[in-house]
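# A closer look at the structure
Below, each chain spelled out in residue letters.
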Amino acid sequence: MKVAVLDVYNNKVVLIENNGVGYLWLYYTVTINPDPTNIHGADIDDDGDIDLVISHNPPKLAPFVTILRYLKDINGDSLPDMMTVYKNFIYTATNTNTGPCFFAGKNTQYTATDGSVFSSIVAEDINADGDVDLVAANRTNNNIVVLRNKQICCHGTRGNVNWSADDFVDLSDLSALICYLTGCGYVLECPAEADVNGDNKIDLTDLSCLKSYLTGGGYQFPSCPSCGL
């Protein structure tokens, strides 16, 4: 087994190998761009070995401003995606498995407006719903921000229109769907859950199906897709 370590003073990645008898020895060093801040390893190109992703501070930034990256599959395609915090922003970039830029789609997932500066980020399934959520530490306000995963929002069966944490389908879901369809301003957090009949559109047919289910009419929800609509 090898260990990859950042040498931030000399702008190098140091690879250290375990010789199998209780000792570590210097295996290899690689010179990288200046001001590295973090290193993370994962198989980003799906070839069976571990690759390294290194974050850097852009030139001329204040010393306390850092860019940190974390790798984890957030959209359920078995490829590690990238999460990044920078100043008051939290970004994600999905892995397209096409080089040279594997993380093609960059999206701002959260922007803090209260003076927050994020110092680190991790991705884990914190609410035990089967997908990976984001947790970022806020160095300014000494708190954390939790972003619930909406890329894989539909679990098991559909019908949880208001996306309640217990995944229970009840009259509140019917009310939410009516509000959405009548233009009262309701925003669907997970459109795939509101697509009750699974035809890739949300209309009065979904309302009828949900009403049938709730009134004992015998309607059975189809299973969810791997991602939302």
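Below is a short write-up of the structure. A quick note: this is a predicted structure, and the numbers were derived from the prediction, not measured.

Scanning the protein chain from N- to C-terminus turns up 3 helices and 12 strands. Per-residue burial over the protein chain gives 38% buried out of 229 residues. Considering only residue pairs separated by 6 or more positions, the protein chain has 38% of its internal contacts joining residues 24 or more positions apart. When the accessible area of the protein chain is evaluated, it comes to approximately 12,700 Å², of which 55% is carbon and sulfur surface.

Before going further, it helps to spend a moment on the sheet that holds strand β10 (residues 118-124). Spatially, the 3 strands line up as an open sheet ordered β10-β11-β12, and their pairing is antiparallel. Each edge of the open sheet is held by one strand with a lone partner, namely β10 and β12 (143-147). Direction aside, the axes of adjacent strands within the sheet are offset by 20 degrees on average. Pairing of strand β11 (residues 133-138) with β12, which is carried by 5 bridges, proceeds in the antiparallel orientation. When the bridges of β12 are listed, Leu-134 appears paired with Leu-147.

What follows covers helix α1 (residues 171-181). Residues Asp-173, Leu-174, Ala-176 and Leu-177 constitute the buried set of α1. Looking down the long axis of α1, one finds its buried residues gathered within 160 degrees of arc, a one-sided arrangement. In the segment just after α1, Gly-183 is the residue with positive phi, at about 75 degrees.

Attention now goes to the packing of aromatic side chains. Taken as a whole and judged by the stated rule, the model has 5 aromatic pairs. Ring plane angle 80 degrees and centroid distance 6.1 Å describe the contact between Trp-25 and Tyr-27, whose orientation is recorded as edge-to-face. For Trp-25, a relative accessible area of 43% puts it in the partly exposed group. Judged by its relative accessible area of 40%, Tyr-27 is partly exposed. Arranged with centres 4.4 Å apart and planes meeting at 45 degrees, the rings of Tyr-213 and Phe-221 form a pair that is tilted. Relative accessible area serves as the criterion here: at 35%, Tyr-213 is assigned to the partly exposed category. Among the aromatic residues, those joined into a ring-pair cluster are Tyr-213, Tyr-219 and Phe-221. For the cation-ring pair, Lys-2 lies above Tyr-27, with the distance from its terminal atom to the ring centre recorded as 4.5 Å. Its guanidinium or amino end placed over the ring of Trp-163, Arg-148 lies 3.7 Å from that ring's centre, counting from NZ or CZ.

Here we take up the pairing of strand β7 (residues 81-86). Most of β7 sits out of view: 6 of its 6 residues are buried. Burial of the side chains of β7 extends over both faces: Asp-81, Met-83 and Val-85 are buried on one face and Met-82, Thr-84 and Tyr-86 on the other. With 5 bridges connecting them, β7 and strand β8 (residues 89-95) associate as antiparallel partners. Paired with Met-82 across the strands is Ala-93, a residue of β8. Between the antiparallel neighbours β7 and β8 lie 2 residues, among them Lys-87 with a positive phi of about 55 degrees.

So, on to the nonpolar core. Counting 14 residues, the largest nonpolar core has Met-83, Ile-90, Phe-118, Ile-121 and Leu-134 as the members making the most contacts within it. When residues of this core are traced back to their parent elements, those giving at least two are β7, β10, β11 and β12. Considering each element in turn, this core owes the most residues, 3 residues, to β10. Not counting the four nearest positions on each side in its chain, Leu-134 is found in contact with Met-83, Ile-90, Thr-92, Ile-121, Val-122, Ala-123, Val-145, Val-146 and Leu-147. Counting residues in hydrophobic clusters, the runner-up holds 13 residues, among them Val-161, Leu-174, Ala-194 and Cys-209.

With that settled, the discussion passes to the state of the cysteines. The tally for this structure, following the rule as stated, stands at 1 disulfide. At a sulfur-sulfur separation of 1.4 Å, the disulfide partner of Cys-179 is Cys-184. Linking Cys-179 and Cys-184, the disulfide has an S-S dihedral of approximately 115 degrees and is accordingly described as right-handed. Relative accessible area serves as the criterion here: at 21%, Cys-179 is assigned to the partly exposed category. The exposure class assigned to Cys-184 is partly exposed, which follows from its relative accessible area of 44%.

The rules behind these values
Residues numbered from 1 in each chain as written. Predicted model: local features only at pLDDT ≥ 70, side-chain atom pairs only at ≥ 80, totals over all residues. Heavy atoms only, no water. Helix = DSSP H or I, 4+ residues; strand = E, 2+ residues; numbered from the N terminus. Buried < 20%, exposed > 50% of the residue type's maximum accessible area, 1.4 Å probe, protein only. Contact = heavy atoms within 4.5 Å. Areas by Shrake-Rupley, 256 points an atom, 1.4 Å probe, with all protein chains shown as cover. Pairing = 2+ DSSP bridges. Axes fitted to C-alpha atoms, helices over the stretch in contact; angles between N-to-C directions. Arc of directions from axis to C-beta. Phe/Tyr/Trp six-rings, centres within 6.5 Å; stacked < 30°, edge-to-face > 60°. Lys NZ or Arg CZ within 6 Å of the ring centre and 35° of its normal. Core = buried A, V, L, I, M, F, W, Y, C linked by side-chain atoms within 4.5 Å. Disulfide = S-S within 2.5 Å.

Note that all results are geometric; they support no functional claim without further evidence.
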